[in-house]
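The chain contents come next:
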Amino acid sequence: MVLLLVPRLARAVSWWPLGAAIALAVLAQVSVLAAEPLDWAVLSGLWLAAGVLGAGAGFALPDPMASTVITPVSRWVRQWLRAGLALVPAVLVWALIYVGVREAVRPEIVWPEGFVILQAAVCGLLPMAGAAVGARYRDTTTGAVVGPAVQGMLLVGSLFFSERASPWVMPGPEGWAVAQQVWPIALVLVLITFLLASRETKSPAGA
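One structure accompanies this document, and this report is about it. (Residues numbered from 1 in each chain as written. Predicted model: local features only at pLDDT ≥ 70, side-chain atom pairs only at ≥ 80, totals over all residues. Heavy atoms only, no water.)

Across its full length, the protein chain carries 8 helices and 0 strands. Starting at the N terminus, the α and β elements of the protein chain follow one another as α-α-α-α-α-α-α-α. What you see for the protein chain is a C-alpha radius of gyration of 18 Å, in line with the 17 Å of a compact globule of 207 residues. Dimensions of the protein chain, computed from the C-alpha atoms along their principal axes, are close to 55 × 30 × 25 Å. Contacts in the protein chain between residues at least 24 apart in sequence constitute 76% of all its contacts with a sequence separation of at least 6. Within the protein chain, the 10 negative side-chain charges are centred at a point lying 20 Å from the centre of the 12 positive side-chain charges. (Helix = DSSP H or I, 4+ residues; strand = E, 2+ residues; numbered from the N terminus. Rg over C-alpha atoms; globule rule 2.2 N^0.38 Å. Contact = heavy atoms within 4.5 Å. Lys, Arg positive; Asp, Glu negative; His and termini not counted. Charge placed at Lys NZ, Arg CZ, Asp CG, Glu CD.)

Pasting the structure below:
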């Protein structure tokens, strides 16, 4: 059943937001072309790439059939397939961008790779979790807008913290500061939100 559903969902998914996100993710790496790229600009490009790719992938989640048609496949199955169809290419694109940027700026600029990948995971999955919540209550493109809207509000809010309290500062020789420890917590919360939003609905159409 799943193998039969995948090609149909691939045709039903709206792909243009992810295509636009891929273009923006590549353009965000323009700082690498500078004669002496700055570390904060390079890292900001990687975070931005993860964020826009996640936001673009989130537009695959609204399922018009969820509230209008009784389907033989549960909503949570369709939801996870939709997420996988968009998330896999988004992750692959970010991985290619990451490797390319890392090799382009070495050895002048280095960073703790695990920490930056953790940040990128949160930046990318946050809008998808928001889109999953929106898609649960509105089966149209406007439901997916919840993802980038929440992402934007949290990003703007994080910029008002002082440098010492900012979650964006890289860990120092003494290890992670309290502000930096928010990232693994944020990843767990984002994943829980996505799981809860993707569960089965009580509506007969979601059965």
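Okay, helix α5 (residues 113-137) next. Taking 1.5 Å per residue, 25 residues should reach 36 Å; α5 reaches 37 Å between its end C-alpha atoms and fits that length. Approximately 25 degrees is the largest bend angle found in α5, and it occurs at L125, with the proline P127 only one to four residues beyond. Among the 25 residues of α5, 18 are classified as buried, and the element is accordingly described as predominantly covered. (Expected span 1.5 Å × (residues − 1). Bend = angle between axes of the 7 residues up to and from the residue. Buried < 20%, exposed > 50% of the residue type's maximum accessible area, 1.4 Å probe, protein only.)

Let us look at the layout of surface pockets. When its volume is computed, the largest pocket comes out at roughly 980 Å³. Lining the largest pocket are 41 residues, and of these C123, L155, S158, W168 and W183 lie nearest its centre. Elements supplying a minimum of two residues to the lining of the largest pocket: α3 (39-58), α5, α7 (146-158) and α8 (182-197). Of the residues forming the lining of the largest pocket, the biggest block, 9 residues, is contributed by α3. Partitioning the lining of the largest pocket into residue classes produces 31 nonpolar, 9 polar and 1 charged. Lining the second largest pocket are A50, L53, G54, L87, A90, V91, W94, I117, A120, A121, G124 and L125. Taken together, the elements giving at least two residues each to the lining of the second largest pocket come down to α3, α4 (75-105) and α5. Here the lining of the second largest pocket gets 5 residues from one element, more than from any other, and that element is α5. For the lining of the second largest pocket, the class distribution of residues is 10 nonpolar, 2 polar and no charged. (1 Å grid on protein atoms, 1.4 Å probe; cavity = no way out; pocket = protein on both sides within 12 Å on 5 of 7 lines; lining within 4 Å. Points joined across faces, edges and corners; volume = space filled by probe spheres on them. Nonpolar A, V, L, I, M, F, W, Y, C, P; charged D, E, K, R; others polar.)

Our next topic: the packing of aromatic side chains. For the structure shown, the criterion picks out 6 aromatic pairs. Seen in terms of ring centroids, W47 and W168 are 4.8 Å apart; in terms of plane orientation they differ by 50 degrees. Their pairing is tilted. Of the two residues, W47 sits in helix α3 while W168 sits in the loop between α7 and α8, which places them 121 residues apart along the sequence. Exposure remark for W47: the relative accessible area of 11% places this residue in the buried category. Seen from their ring centres, W168 and W183 are 5.0 Å apart, and the 65 degrees between their planes marks the pair as edge-to-face. On the criterion of sequence distance, the pair formed by W168 in the loop between α7 and α8 and W183 in helix α8 is long-range, its members being 15 residues apart. An identical accessibility class is assigned to W168 and W183; each is buried. (Phe/Tyr/Trp six-rings, centres within 6.5 Å; stacked < 30°, edge-to-face > 60°.)

This part covers the pattern of salt bridges. This model, assessed by the stated rule, comprises 4 salt bridges. The shortest N-O distance in the salt bridge between E103 and R102 comes to 3.1 Å. The exposure class of E103 is partly exposed, given its relative accessible area of 44%. On the basis of relative accessibility, which here comes to 18%, the residue R102 falls in the buried class. Residues R106 and E103 are paired through a salt bridge, measuring 3.7 Å at the closest nitrogen-oxygen approach. Taken together, the salt bridges that share partners define one network made up of R102, E103, R106 and E113. (Salt bridge = Lys/Arg side-chain N within 4 Å of Asp/Glu carboxyl O.)

Quick look at the nonpolar core now. Within the largest apolar cluster, 48 residues are counted, with the highest numbers of intra-cluster contacts made by L46, L53, L61, W94 and W111. With 12 residues, α5 is the largest single contributor of residues to this core. Residues within four places of W111 in sequence aside, it is in contact with V42, L43, L46, Y98, V101, R102, V105 and V116. (Core = buried A, V, L, I, M, F, W, Y, C linked by side-chain atoms within 4.5 Å.)

For α4, with 31 residues, the first-to-last C-alpha span of 44 Å sits near the 45 Å given by 1.5 Å per residue. Along α4, the helix axis deviates most sharply at L87, where the bend reaches about 25 degrees; the proline P89 sits within four residues downstream.

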